[in-house]
Amino acid sequence: MPEYVYRAVTSKGQIVRNRVEDVSRNNLIKKLKVNDLLPISITQVGYRSKKTKANRRNMMDIDDIMQQAESANILQGRAIARPSIKERVNLFLSREEKVTKRDLIIFTQNFYLLKKANFNNIHALSTIIDSTDNLSLRGILQDILAGVEAGEYMYTTMEYYSDIFPYIYINMIKVGELSGALNKSLEQAVKYLEDVDSTGSRIKKIIIPNVLQLVAIIGILIFGVAYIIPLIQEAFAKSGTTQQLPGITLWFVDFCNKLIEVWYIPVLAILAIVGVIYLYIRTPKGKYNFHYFKYRMPIFGKLIYAMDFSRLMRAMLLNLENGMRIQDSLEVSKSVIKNYVMLSMIETAINNILIGASWIEPFENSGLSSSMQTEMLKIGMQTDLVEMMKKLVEYMEIDINNLIQRLMSVFPQVVYSIVGVFLIFLVCVIIVPCIQLYMGTWIFESVDLPPLI
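As for the overall build of the chain
- Of regular secondary structure, the chain possesses 19 helices and 4 strands.
- Taking the intrachain contacts of the chain between residues at least 6 apart in sequence as the baseline, contacts between residues at least 24 apart amount to 66%.
- Counting every atom, the chain has about 25700 Å² of accessible surface; 61% of that belongs to carbon and sulfur.

Quick word on the confidence of the model for the chain
- Mean pLDDT over the chain stands at 76; residues scoring 70 or higher make up 81%.
- With pLDDT under 50 throughout, residues 48-81 is counted as low confidence; its partners more than four residues away or in other chains account for 66 contacts.
- Scored below 50 in pLDDT, residues 446-453 makes 6 contacts in the model with residues more than four places away or belonging to other chains.

What about the packing of aromatic side chains?
- On inspection of all chains with the given rule, the structure shows 9 aromatic pairs.
- With a centroid separation of 6.4 Å and an interplanar angle of 85°, the aromatic rings of Trp359 and Phe363 are classed as edge-to-face. The two residues Trp359 and Phe363 agree in class, both being buried.
- Aromatic ring contacts, followed pair by pair, group Tyr295, Tyr305, Phe309, Trp359 and Phe363 into a single cluster.

Overview of the environment of Tyr155
- Mapped onto the fold, Tyr155 is located in helix α7 (residues 154-158).
- You can call Tyr155 buried: its relative accessible area is 11%.

Regarding the pairing of strand β2 (residues 15-21)
- Among the 7 residues of β2, 7 are classified as buried, and the element is accordingly described as predominantly covered.
- Side chains Ile15, Arg17, Arg19 and Glu21 project from β2 onto one buried face, and the interleaved Val16, Asn18 and Val20 project onto a second face that is buried too.
- Counted between consecutive antiparallel strands, the loop separating strand β1 (residues 2-9) from β2 contains 5 residues, among which Gly13 sits at a positive phi close to 85°.

Considering the nonpolar core
- Judged by nonpolar contacts, the single largest core of 59 residues is most densely connected at Phe309, Met313, Met342, Trp359 and Phe363.
- Elements that contribute at least two residues to this core include exactly α9 (182-239), α10 (247-261), α13 (301-321), α14 (326-333), α15 (340-354), α17 (371-382) and α18 (385-439).
- In terms of residues, this core owes the most to one element, α18, which gives 16 residues.
- Discounting residues that sit within four places of it in the chain, Met342 has contacts with Tyr295, Tyr305, Asp308, Phe309, Leu312, Ile337 and Phe363.
- The next biggest cluster of nonpolar side chains, apart from the first, holds 32 residues, and it includes Leu114, Ala124, Leu137 and Met158.

Quick notes on helix α6 (residues 135-149)
- Its 15 residues place the ends of α6 21 Å apart at the C-alpha level, agreeing with the 21 Å of an ideal helix rising 1.5 Å per residue.
- Among the 15 residues that make up α6, 13 are buried, leaving the element largely enclosed by the rest of the structure.
- Of the residues trailing α6, Gly151 is marked for its positive phi of about 95°.

Things to note about a nonpolar patch on the surface
- Residues Val262, Trp263, Tyr264, Ile265, Val267, Leu268 and Leu271 make up a contiguous nonpolar surface patch of roughly 690 Å² in combined accessible area.
- As for its placement among the helices and strands, Leu271 is situated in helix α11 (residues 264-282).

Observations concerning the packing of α13 against α14
- Put simply, α13 and α14 touch, their axes get as near as 9 Å, and they point 130° apart. As the angle between them shows, α13 and α14 are arranged oblique. As for the relative orientation of α13 and α14, their crossing is right-handed in sense. Counting all contacts with α13, which are made through Leu312, Ala315, Met316, Asn319 and Leu320, the residues of α14 involved are Ile326, Ser329, Leu330, Val332 and Ser333.

A word on the side chain of Asp143
- Along the polypeptide, Asp143 turns up in helix α6.
- With a relative accessible area of 6%, Asp143 lands in the buried category.
- Not counting chain neighbours up to four residues away, the residues in contact with Asp143 comprise Tyr4, Val23, Ser24, Arg25, Thr157 and Tyr161.

Digging into α17
- Between its terminal C-alpha atoms α17 stretches 17 Å, which fits the 16 Å expected from 12 residues at 1.5 Å a residue.
- Those residues of α17 lying buried are Gln373, Thr374, Met376, Leu377 and Gly380. Buried residues of α17, viewed axially, fall in a sector of 160°; they line one side. Exposed positions of α17 whose direction lies more than 90 degrees from the buried face are Ser371 and Gln382.

Points about the environment of Ile217
- Among the secondary structure elements, Ile217 is positioned in helix α9.
- For Ile217, a relative accessible area of 10% puts it in the buried group.
- Taking C-alpha positions, Ile217 is 7.7 Å from Leu426, a pair spaced 209 residues apart along the chain.
- Setting aside residues up to four positions removed in sequence, Ile217 forms contacts with Val419, Phe422, Leu423 and Leu426.

Let's talk about unusual backbone geometry
- Its identity as a non-glycine residue notwithstanding, Asn118 has a phi of 70°, on the positive side.
- In this structure, Asn118 sits in the loop between α4 (101-116) and α5 (121-130).

What to know about the packing of α11 against helix α12 (residues 284-296)
- At a minimum axis separation of 4 Å, α11 and α12 run at an interaxial angle of 100°. Taken together, the axis directions place α11 and α12 in an arrangement best described as roughly perpendicular. Judged by residue contacts, Tyr280, Ile281 and Arg282 of α11 engage Pro284, Lys285, Gly286, Lys287, Asn289 and Phe290 from α12.
- Residues of the contact of α11 with α12, tallied by class, amount to 4 nonpolar, 2 polar and 3 charged.

Reading the values: rules and limits
Residues numbered from 1 in each chain as written. Predicted model: local features only at pLDDT ≥ 70, side-chain atom pairs only at ≥ 80, totals over all residues. Heavy atoms only, no water. Helix = DSSP H or I, 4+ residues; strand = E, 2+ residues; numbered from the N terminus. Contact = heavy atoms within 4.5 Å. Areas by Shrake-Rupley, 256 points an atom, 1.4 Å probe, with all protein chains shown as cover. pLDDT = per-residue confidence, 0-100. Phe/Tyr/Trp six-rings, centres within 6.5 Å; stacked < 30°, edge-to-face > 60°. Buried < 20%, exposed > 50% of the residue type's maximum accessible area, 1.4 Å probe, protein only. Pairing = 2+ DSSP bridges. Core = buried A, V, L, I, M, F, W, Y, C linked by side-chain atoms within 4.5 Å. Expected span 1.5 Å × (residues − 1). Patch = residues over 30% accessible without salt bridge, like charges linked within 9 Å, V, L, I, M, F, W, Y side chains within 5 Å. Salt bridge = Lys/Arg side-chain N within 4 Å of Asp/Glu carboxyl O. Axes fitted to C-alpha atoms, helices over the stretch in contact; angles between N-to-C directions. Parallel < 35°, antiparallel > 145°, perpendicular 65-115°, else oblique. Left-handed = near helix turned anticlockwise from the far one by under 90°. Arc of directions from axis to C-beta. Nonpolar A, V, L, I, M, F, W, Y, C, P; charged D, E, K, R; others polar.

Here you go:
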């Protein structure tokens with residue numbers, strides 16, 4: 001069962017703070033209000049299995065707390081209470097178990113299978129809760145179950161756990177519940193989670209090794225300038241030779257020394273640039289331009305747009321199959337999109353329908369959709385839109401896989417080019433002086449002897 005730490009105000013203006021367990025946050029709020037306690041904050045800190053009936057140490061049931069209010073910490077006034085060391089330790093030890101992507105995939109798969117077997121939501125959730133080992137996920141599902149039993153939609157409770165359920169996942173469930181096709185939404189959610197997990201793993205395999213190579217070379221360069229070059233200079237100075245390090249090495253060492261002296265200037269400049277960009281992105285125009293850049297950025301832009309467009313088409317297909325009009329389908333389906341550019345195209349498409357124009361036109365005029373995508377939609381409008389959208393979704397899956405394959409071939413080449421430049425610079429700055437020291441020609445020069453060849 002979920003555990004909460006709450007702060008509330010009594011009718012006399014006193015602050016009451018305690019830790020309790022209850023089936024859901026909403027239920028706890030109701031109990032607090034019934035007992036003349038006005039909630040200030042309620043923080044979920046852990047979960048407790050229903051099978052364990054013994055109270056934890058320093059834990060009491062909410063009804064017992066209301067009967068024995070004197071046992072709670074009561075603070076005069078409205079000052080913010082600081083938890084004691086003992087409370088901090090208890091909160092640290094009771095941190096909730098992490099819910100992984102695999103846990104979420106398994107839950108969605110099991111829920112989908114039970115719905116296919118004609119289980120209602122309450123029965124399906126109860127069955128899954130009993131077989132869930134992850135206590136954090138079990139507590140969340142118990143909270144969702146309590147909401148469903150109270151007549152709420154599942155997605156309304158999921159929105160409280162946006163750190164567990166992805167935004168797109170919640171809106172897929174929302175589309176399914178509002179359109180009456182939860183089974184198909186769950187099927188799409190399973191596929192979405194598996195695709196995201198697979199795509200994320202594939203992209204990580206591309207990015208991480210290449211970035212690590214670049215970081216390693218930069219690290220060697222910094223280590224060489226900070227440690228190796230001074231040792232070589234010291235050896236030359238002690239021998240009395242007139243031989244000098246390569247010009248590029250001397251230039252780079254001098255550049256690093258000057259940079260160290262005025263390190264705060266580039267740091268402040270970088271922070272200022274980052275701050276300006278951050279503030280600009282927070283404005284509506286800045287956020288729109290940033291989202292447009294995400295669709296237009298090299299290497300990753302086409303993939304990001306293809307995934308968003310495919311997600312929109314899947315949601316629309318689900319709604320159209322359940323008898324929705326195109327306008328209503330667009331209105332409901334836009335909740336699965338977060339990009340402002342795509343949302344503006346959807347809004348324009350809805351307005352076009354209202355004035356009798358083509359809803360496909362905004363996607364075509366944007367220059368972001370391929371001609372194949374828009375032509376398939378146009379043909380669907382003249383024949384059977386649902387069947388054509390099914391084919392479009394299949395085409396988008398193939399297109400996304402092709403884009404990922406292209407990314408796997410292009411991105412390493414770009415990184416290898418950058419690594420190659422750094423590697424050449426590393427050889428000129430660090431390796432050449434090391435070879436010069438190792439060959440020892442400066443030794444013969446220092447004692448006026450001809451070098452051995």
